[in-house]
Amino acid sequence: MRGAACIAAAAWVAAAAWVAAASAASAAQGLRCTPWLPVFCENLHVACSGRATTPTSAFALTWRPGGARLRFDGGADDGEVWEAQGRSGAETVLRPAQGRDWVRLRRAGGPYSHRAYRDGRALMSIGRCTPEPAS
């Protein structure tokens, strides 16, 4: 494997290895989430097939009761509160109140996946979240 295929494979191996419950300390902190690829892909399960031209964006995540506030770099969906759905000890799925996008956090301070629907296409990105000190 080379390039994007290695990155995608490493991301899913890392996600499986790092699945754990989010600790109270991590929940009190914000997270800074950075994508591993500069653009979205149509399918990350098979490397990055269907590479899109839509750029990915890093985002800051601050936990709120029932969900989290996401602030994407560049202002997209700036400050929208995403509701926690499908929360379990191993992962949390966040969805905006309006729309179909989602962000799945494998654990606080670990890998994430982001599904976005743009121009009639379902796109994916993956990356890693790191804790930020509470302000």
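Definitions and cut-offs
Residues numbered from 1 in each chain as written. Predicted model: local features only at pLDDT ≥ 70, side-chain atom pairs only at ≥ 80, totals over all residues. Heavy atoms only, no water. Pairing = 2+ DSSP bridges. Helix = DSSP H or I, 4+ residues; strand = E, 2+ residues; numbered from the N terminus.

The next thing to look at is the pairing of strand β3 (residues 49–55). In this sheet, β3 lies alongside strand β2 (residues 39–43) in antiparallel orientation, the contact comprising 3 bridges. Residue pairing across strands places C41 opposite R51, the latter belonging to β3. Where β2 hands over to β3, the hairpin turn is made up of 5 residues, of which A47 adopts a positive phi near 55°.

Moving on: the pairing of strand β1 (residues 30–35). One ladder, built from 6 bridges, connects β1 with strand β10 (residues 121–132); its direction is antiparallel. Opposite C33, over in β10, you have C129 as the bridge partner. Examined bridge by bridge, β1 and strand β4 (residues 59–64) share 3 bridges and lie antiparallel to one another. Each bridged residue has a counterpart across the sheet, and for R32 the counterpart in β4 is A60.

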